[in-house]
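Spelled out, the chains give:
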Amino acid sequence: MTISWLQAAILGVFACLCSNSCMAGQAVGNYTIGRPLVGGLVCGIVLGNLPLGIACGVATQLVYIALVTPGGTVAADVRAISYIGIPLAMVAISSRGLNPMGSAAANMAKSLATLVGTVGSVLFYAVAFMNLIWQAFGWKDIEKGKLNRLYGVDFSWPWLSHLVFSFLPTLLMTHYGAEAVTALKTALPMNGIPMKTLFTVGAMLPCVGIAILLRQIINKAIDFIPFLVGFTLAASLHLNLVAVTVISLLFAVIMYEIEMAKGSGNSNASYASSNGNAVDDDEDEEDI
Amino acid sequence: MDAEKKRISHKTLSKSFNIWFWGALTCFSQEHMQTFGYLCSMLPIIKELYPNDNETQTNNIKAYTAFFNTNPMLGSVIIGAIASLEEARANGENIDSQTINDMRAGLMGPIAGIGDSLIDGTLIPILLGIALGMSRNGSPVGAIFYIIVWDLIAYFGQRFLYFRGYKLGDKAVGFLVGKQGKAVRRAISIVGGMVVGGVLATWVNVTTSLQLRDNTGHVFLDLQKQLDGIFPGILTVIVTLFCWWLMSKKHVSAIWTMIILIGVAFVGVVLGVFNPGLKY
């Protein structure tokens, strides 16, 4: 499988639309087009192998099921994962003749896309840096009272940042990277230690994504309980995700009622502890 | 000032919302983040409230040049609420740029925290979890399901929040920081925790291939079976908690955590603990 200039260019446009500071808006760009699952669909259509694209998208999505960008810090870049990593993974999988639905293909996709996505976070910072130029235009326009020009600052000029740091890298890396990935096949045999390591890491990488999310949810040891209960419901009782959610809603309702019922008189105290103070929270746990 | 009360038209509010929806982060920089999205979405409102008065327009828009960053989904409630403040100011109420900036600064933190755990941490993992199941055999149905359901929720949900914010003004978000807000956040964190646990168990499976054989070749210790006998999926939980421990207790970055995993995997493969079972 090779990637032609035209195919690479189409992927490049999608990269501009989806990367954070995305030209298609946050909900449609970053949260839809940028998701590896959707990226897999797009790459599958563009490269003409839909099942393989979806399979790579599904595998990679697992790593990034909880991609949060608190305060604009990124551990990985969606344009690099979805529109550079997935196409290259597709080429690698088909050049090695792996079964697209197999776990070997999935782990290959995870490792490759994560590697590219991690290195690609440099693109995120590059675009954000270049946008400072357009923002400087914006401050001048406000000083001069030319307010209509602000629309250009927000919607038009950033395309130039993306042309340089989204479109071109995607175009070049998918077109030339496809050849390199195919050449690597002979250099690294499947039963060698490097490939075995790569595939083992692929299976573990989603743990990092989940751990990033846990870092947000868990403030103290007791917060692990809901997480472990959810895990047990799915792993031991084999409930699917919707069923787990429904059960969790029951606990959520109980928790809400308890919080609302207790200490009606100390609204000041609960206001002060709204930032996650441990003192007040310790009482809740005994109520469970 | 006119005796008649100024009202922002529905059309202008819609325009302001759409600018936020499509442009909240288009001109992102580390220094100003969502400031330009915020500026631009207030622009139609300022222009309607002070028609043909470039000087007032320019003066008032300066209130919106302050740093702005929040969760862009839930954040639309802030934009709506501030639109109603700007309307009140045009009607001569005692609101200045400082009031607007105080409100913005007070809200963007809590809204970002709630939005990140509610949307990124709960809603999206649930939607993706369902979609992944539908696409498991290479079918595009799951991806299409996600595109349709998420975008409908995102567009109409944000639109609802925007107009809610406009209607209630600064009261719209009052419940988020009071006692009720705390109860809601506790409740959501339970859902979030359980869903994340479910996602981990459904989609991630770390296994060991370590088997000890006696001299007749009979397997007398199959570590994976032993571990599953203790608690199904225990190895997956251990690896996840190890990553969590590295990142939150040892302050290792996500990238270094991945590199450490590569080291663990390499050692494991060499020792025969991990074997992905590859062949051509």
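Computed from a predicted model, the values in this text were never measured in an experiment.

Caption draft 1: Just the overall build of chain B, in detail. In terms of regular secondary structure, chain B is built from 11 helices and two strands. Along chain B, from the amino end to the carboxyl end, the secondary structure elements read α-α-α-α-α-α-α-α-β-β-α-α-α. In terms of C-alpha radius of gyration, chain B reaches 26 Å, well past the compact-globule figure of 19 Å for 280 residues. Taking the principal axes of its C-alpha atoms as reference, chain B extends roughly 100 × 40 × 40 Å. Averaging the coordinates of the 23 positive side-chain charges in chain B and doing the same for the 18 negative ones gives two points 7 Å apart.

Caption draft 2: Here's a closer look at a nonpolar patch on the surface. Residue and element names in this part refer to chain A. A surface patch of nonpolar side chains, about 490 Å² in accessible area, is lined by Ile133, Phe137, Trp157, Leu160, Leu163 and Val164. Elements represented by at least two residues in the nonpolar patch include exactly helix H6 (103-144) and helix H8 (158-187). Residue Leu160 is classed as partly exposed on the basis of its relative accessible area, which comes to 36%.

Caption draft 3: Structural view of the layout of surface pockets. Of the pockets and cavities examined, the second largest pocket occupies roughly 840 Å³. Lining the second largest pocket are 41 residues, and of these Ser103, Asn107 and Lys110 of chain A together with Trp203 and Asn205 of chain B lie nearest its centre. Listing elements by their share of the lining of the second largest pocket, those giving two or more residues are helix H4 (50-63), H6 and helix H9 (193-217) of chain A together with helix H8 (179-203), helix H9 (223-230) and helix H10 (234-249) of chain B. Across the lining of the second largest pocket, the residue classes break down as 25 nonpolar, 13 polar and three charged.

Caption draft 4: View of the interface of chain A and chain B. At the interface, 115 residues of chain A touch 113 residues of chain B. For the chain A and chain B pair, buried surface summed over both sides reaches about 10,200 Å², with 76% attributable to carbon and sulfur atoms. Inspection of the region where chain A meets chain B yields two salt bridges. Run the count over chain A and chain B and you get 11 residue pairs in polar contact (both at pLDDT 80 or more). Here the side of chain A that touches chain B is composed, by residue class, of 74 nonpolar, 28 polar and 13 charged.

Caption draft 5: Region of the structure containing the pairing of strand E2 (residues 219-222) of chain B. Of the pairings in the sheet, the one linking strand E1 (residues 211-213) of chain B to E2 of chain B comprises three bridges and is antiparallel in character. If you follow Arg213 of chain B over to E2 of chain B, its bridge partner there is Val219 of chain B.

Caption draft 6: The arrangement of the packing of aromatic side chains in detail. All names here are of chain B. Enumeration according to the criterion identifies 22 aromatic pairs over all chains in this entry. A centroid spacing of 5.9 Å and a plane angle of 65 degrees characterise the contact between Trp20 and Phe68, whose relative ring orientation is edge-to-face. Of this pair, Trp20 sits in helix H1 (residues 10-23) while Phe68 sits in the loop between helix H3 (54-61) and helix H4 (76-90); the two residues are 48 residues apart in sequence, bridging distant segments of the chain. Judged by relative accessible area, Phe68 falls into the buried class, the value being 0%. Counting every residue linked through ring pairs, the aromatic cluster contains Phe17, Phe21, Trp22, Tyr155, Phe156, Tyr162 and Phe163.

Caption draft 7: View of the packing of H6 of chain A against H9 of chain A. Residues and elements named next belong to chain A. Their axes nearest at 8 Å, the elements H6 and H9 cross at an angle of 80 degrees. Of the possible angle classes, the one that applies to H6 and H9 is roughly perpendicular. Contact with H6, carried on its side by Ala104, Asn107, Met108, Lys110, Ser111 and Thr114, involves Met195, Leu198, Phe199, Val201, Gly202, Ala203, Leu205 and Pro206 of H9 and no other residues of that element.

Caption draft 8: Broad picture of the side chain of Glu86 of chain B. Residues and elements named next belong to chain B. Within the element layout of this structure, Glu86 appears in helix H4. Under the relative-accessibility criterion, Glu86 is labelled buried at 0%. Within the structure, the side chain of Glu86 is placed 2.3 Å from the side chain of Tyr64, a separation counted as a polar contact. Setting aside residues up to four positions removed in sequence, Glu86 forms contacts with Met42, Ile45, Ile46, Leu49, Tyr50, Asn60, Tyr64 and Ile100.

Caption draft 9: Representation of the confidence of the model for chain B. Residue and element names in this part refer to chain B. This prediction gives chain B a mean pLDDT of 86; 95% of its residues lie at or above 70. Per-element confidence in chain B ranges from a low mean pLDDT of 65 for helix H7 (residues 174-177) to a high of 94 for helix H6 (residues 141-168). This complex was scored by the predictor with a pTM of 0.82 and an ipTM of 0.82.

Caption draft 10: Representation of unusual backbone geometry. Residue and element names in this part refer to chain B. The backbone of Asn52 shows a phi angle near 55 degrees, a positive value even though the residue is not glycine. Within the secondary structure, Asn52 is located in the loop between helix H2 (35-49) and H3. For Asn52, a relative accessible area of 82% gives the class exposed. Its identity as a non-glycine residue notwithstanding, His251 has a phi of 55 degrees, on the positive side. Within the fold, His251 resides in the loop between H10 and helix H11 (254-271).

Caption draft 11: Highlighting the confidence of the model for chain A. Overall, the prediction assigns chain A a mean pLDDT of 83, with 88% of residues at 70 or greater. In this model, residues 267-288 of chain A is a region of pLDDT below 50 whose contacts with residues beyond four sequence positions or in other chains number 23 contacts.

Caption draft 12: Inspection of the pattern of salt bridges at higher detail. Residue and element names in this part refer to chain A. Applying the stated criterion across every chain, the model contains seven salt bridges over all chains. Where Arg79 meets Asp77, a salt bridge forms, and the shortest distance between an N and an O atom there is 2.6 Å. Comparing Arg79 with Asp77 shows no difference in burial state: the two are buried. The closest approach of N and O atoms between Arg149 and Asp141, which form a salt bridge, is 3.6 Å. Relative accessible area serves as the criterion here: at 7%, Asp141 is assigned to the buried category.

Caption draft 13: Just the environment of Gln211 of chain B, in detail. Residue and element names in this part refer to chain B. Its place among the elements puts Gln211 in strand E1. Classification of Gln211 as partly exposed rests on a relative accessible area of 33%. Separated by 128 residues in the primary sequence, Gln211 and Ala83 place their C-alpha atoms 66 Å from one another. Sequence-distant contacts of Gln211, defined by excluding residues within four places in its chain, comprise Val219, Leu221 and Asp222.

Caption draft 14: Here's a closer look at the environment of Leu37 of chain A. Here Leu37 of chain A shows up in helix H3 (residues 36-47). The spacing of Leu37 of chain A and Leu250 of chain A is 213 residues in sequence and 30 Å in space, taken between C-alpha atoms. If near-sequence neighbours (up to four positions away) are discounted, Leu37 of chain A is found in contact with Gly57, Val58 and Gln61 of chain A together with Leu128, Ala131, Leu132, Ser135, Gly142, Ala143 and Tyr146 of chain B.

Caption draft 15: Quick look at H11 of chain B. With 18 residues, H11 of chain B extends 26 Å between its outermost C-alpha atoms, agreeing within 8% with the 26 Å of an ideal straight helix rising 1.5 Å per residue. When H11 of chain B is considered as a whole, its buried residues turn out to be Ala254, Thr257, Met258, Leu261, Ala265, Gly268 and Val269 of chain B. Projected onto a plane normal to the axis of H11 of chain B, the buried residues spread over an arc of 110 degrees and lie on a single side. Facing away from the buried side of H11 of chain B by more than 90 degrees, the exposed set consists of Trp256 and Leu271 of chain B. Buried-residue contacts for H11 of chain B involve H6 and H9 of chain A together with H10 of chain B.

Reading the values: rules and limits
Residues numbered from 1 in each chain as written. Chains lettered and ligands numbered in written order. Predicted model: local features only at pLDDT ≥ 70, side-chain atom pairs only at ≥ 80, totals over all residues. Heavy atoms only, no water. Helix = DSSP H or I, 4+ residues; strand = E, 2+ residues; numbered from the N terminus. Rg over C-alpha atoms; globule rule 2.2 N^0.38 Å. Lys, Arg positive; Asp, Glu negative; His and termini not counted. Charge placed at Lys NZ, Arg CZ, Asp CG, Glu CD. Patch = residues over 30% accessible without salt bridge, like charges linked within 9 Å, V, L, I, M, F, W, Y side chains within 5 Å. Areas by Shrake-Rupley, 256 points an atom, 1.4 Å probe, with all protein chains shown as cover. Salt bridge = Lys/Arg side-chain N within 4 Å of Asp/Glu carboxyl O. Buried < 20%, exposed > 50% of the residue type's maximum accessible area, 1.4 Å probe, protein only. 1 Å grid on protein atoms, 1.4 Å probe; cavity = no way out; pocket = protein on both sides within 12 Å on 5 of 7 lines; lining within 4 Å. Points joined across faces, edges and corners; volume = space filled by probe spheres on them. Nonpolar A, V, L, I, M, F, W, Y, C, P; charged D, E, K, R; others polar. Contact = heavy atoms within 4.5 Å. Buried area = accessible area lost by both parts, 1.4 Å probe. Polar contact = N/O pair within 3.5 Å; in protein donor to acceptor, adjacent residues only side chain to side chain. Pairing = 2+ DSSP bridges. Phe/Tyr/Trp six-rings, centres within 6.5 Å; stacked < 30°, edge-to-face > 60°. Axes fitted to C-alpha atoms, helices over the stretch in contact; angles between N-to-C directions. Parallel < 35°, antiparallel > 145°, perpendicular 65-115°, else oblique. pLDDT = per-residue confidence, 0-100. Expected span 1.5 Å × (residues − 1). Arc of directions from axis to C-beta.

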